[in-house]
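Report on the structure
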Amino acid sequence: MHNSGSTMQSHVVDITTEVPEVPEVPEAHPVAPPPKQSTLQRLKIWIKETFFSDDPLRQFRGQPLQRKLILGAQYVFPILEWAPKYNLKLLKSDLISGITIASLAIPQGISYAKLANLPPILGLYSSFVPPLVYVVLGSSKDLGVGPVSIASLVMGSMLQDEVSPIEDPDLFLKLALTSTFFAGLFQAALGILRLGFIIDFLSKAILLGFMAGSAVIVSLQQLKSLLGIKHFTKKMAIIPWSWQTIVMGISFLVILLLARQVSIKKPKLFWISAGAPLVCVIISTILAFAIKAQHHGISIIGKLPKGVNPASTDKLIFNGSHLGLVIKTGFITGILSLTEGIAVGRTFAALRNYKVDGNKEMMAIGLMNVVGCTTSCYITTGSFSRSAVNNSAGAKTAMSNVIMSLAVLVTLLFLMPLFHYTPNVILGAIIITAVIGLIDIPAAYLLWKIDKFDFLVMLVAFFGVIFISVQYGLAMAVGLSILKVLLQITRPKTVMLGRIPGTDIYRDLYHYKEAARVPGFLILRIEAPINFANITYLHERILRWIEEVEENLMKDFSLQFVVLEMSAVSTVDSSGVSLFKDLNTALEHKGLALVNPLAEVLVKLKKADEGHKKIREDYLFVTVGEAVASLSSTLKAPTVGEEVQETVVE
């Protein structure tokens, strides 16, 4: 009996000495209920934050009617904001940059039209009308508008799957113009309805892989013209090679690549790479004319019609068996070109410290394509290469697009005969030079270091485009990215928190090795919204935390409180509310405390807890420290009798 008493006394001492020391904190602050709001008020706030996060109407507040009308006109037509302040000094800068990008736009326009399997003249048409529309509606000072390689490739490849541009060029042209109409319609609608977040599904990883894969496809396609191959066959020996074309193609390709490298290493010499395509076109055209290139196996562009853009409203088709094709092509090319245009605009706006309105850009790009398809233009957007040259040349306003457009107009009216002898091989060399810049190996390596899953998405886009098709490769990569988001939603991160010694700070036990678990408490942080998609996982995961903690408990205190830190839980749906009811039921005699539930979450939990049995006011806390300090006084240590009984059994 004496021994038993000694044992009893020993356990009592141990228990007393191991009571967790909790820093003294002021009296716990009550969790204040949010201000009451009607359903209409909550709906209004939700719509504003979802679709009008930039609050475009804030500039009108407190302004007289006349000022409001002026601001409204400037909002719809940004040209009205800068045009009244335009002067000769600005014109001088825009004139130089406009002529510079025109020297790049003319050969690029012809080349990209051929990439889309369209008549070369359409590339020049598309560099004349759309820039004029953009100047009135666009908000970027640097964006150079015109055809781009990616959209040209995608449109050409998608339409070619059903209609041959060689056997039925007239129908192919009609489908291209109609696809441009639907692309513009989608783009403008996204801007008007403020649904620009849709383009965010094209992540950087997707675009990296997609552009690199497209660059490979484009380069392989251009080998046909670069090597003078008239058609591909399985028996390479009978392919009609043209050594003259090969020599000319490789020579000019080397010149263009060298010019590009010079401008990359010395940005001040940007004009070298900007002017190189036009210089090469001029030299190759003169050379082709001098040697009668068509008699030496070197194909030339041939006659191009003079004159401004002819009307093409009669070429738009909105019925028939190809309607689904043009809608699909318009949607995909519209999203791609919109993504490129906005990304380029925002990039250069950040460099020059001004803002680009994404929704205005969507409407501007969309409307210029709607107008463009009625004036023999195919899909256009903001071009990275033109914008880079525009910025480097010192453009001050969007007027540089007008200068470029006027230069193209002069070309259309007076200079078209000069392009008759331009070799097709030079166009292939220009395209290859342009798309090589789309393969960004350093960015891919950085992606590998940062996020392996994103690197996998990039590879899927890259190989999907090369080995399957452009649209399916893109769709597979988008699907994989959405799967990643779904996994993050359905498997939200939950971490166990511990107290950093000597402080009232609680951090992830896995991250902060010095943090220690508080005996008697299981403190968890949920780092995601709670909804129907993840409540089962969260319920199972939290119960597993509880089981693991109870299996490894110290012999001082049993688990008595589960504390959920909810600062990162931005919202909870009707299904998510049931998680807390289920946890309360599963915890039986343990307490469930909630820390810092946000306003929306707190309102829904209280509405669901009509009897006030599950969500107790005294179990709601502002900080984890206050929760531990308040609840520690109610911790129940094992009784002496229970310890003696355990000792006797052992």
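So, here is what we can say about the structure in this document. (Residues numbered from 1 in each chain as written. Predicted model: local features only at pLDDT ≥ 70, side-chain atom pairs only at ≥ 80, totals over all residues. Heavy atoms only, no water.)

1. Considerations on the overall build of the protein chain
- A tally of regular secondary structure across the protein chain gives 25 helices and 8 strands.
- Scored against the burial criterion, the 650 residues of the protein chain give a buried share of 47%.
- When contacts within the protein chain are restricted to residue pairs at least 6 apart in sequence, long-range pairs at least 24 apart make up 80% of them.
- For the protein chain, the accessible surface area stands at approximately 32600 Å², while carbon and sulfur atoms represent 64% of it. (Helix = DSSP H or I, 4+ residues; strand = E, 2+ residues; numbered from the N terminus. Buried < 20%, exposed > 50% of the residue type's maximum accessible area, 1.4 Å probe, protein only. Contact = heavy atoms within 4.5 Å. Areas by Shrake-Rupley, 256 points an atom, 1.4 Å probe, with all protein chains shown as cover.)

2. What about unusual backbone geometry?
- Here Ser376, not a glycine, exhibits a phi torsion of approximately 60 degrees, which is positive.
- Among the structural elements, Ser376 can be located in the loop between helix 14 (358-373) and strand 2 (381-383).
- On the accessibility criterion, Ser376 (7% relative accessible area) is buried.
- One non-glycine residue, Asn596, lies in the positive phi region at around 50 degrees.
- Of note, Asn596 is situated in the loop between strand 7 (591-595) and helix 23 (599-608).

3. A short note on the pattern of salt bridges
- Applying the stated criterion to the full structure yields 10 salt bridges.
- A salt bridge links Lys484 to Asp451; the shortest N-O distance between them is 3.0 Å. Of this pair, Lys484 sits in helix 20 (residues 470-490) while Asp451 is found in the loop between helix 18 (441-450) and helix 19 (452-467), placing the two residues 33 residues apart along the sequence.
- Among the ionic pairs, Arg544 bridges to Glu548, the shortest N-O distance being 3.0 Å. In this pair, Arg544 and Glu548 both sit in helix 21 (residues 535-551), 4 residues apart, roughly one turn of the helix.
- Judged by relative accessible area, Arg544 falls into the partly exposed class, the value being 40%.
- For Glu548, a relative accessible area of 31% translates into the label partly exposed.
- Through salt bridges with shared partners, a single ionic network connects Asp170, Lys174 and Lys315. (Salt bridge = Lys/Arg side-chain N within 4 Å of Asp/Glu carboxyl O.)

In short, geometric facts, not functional conclusions.
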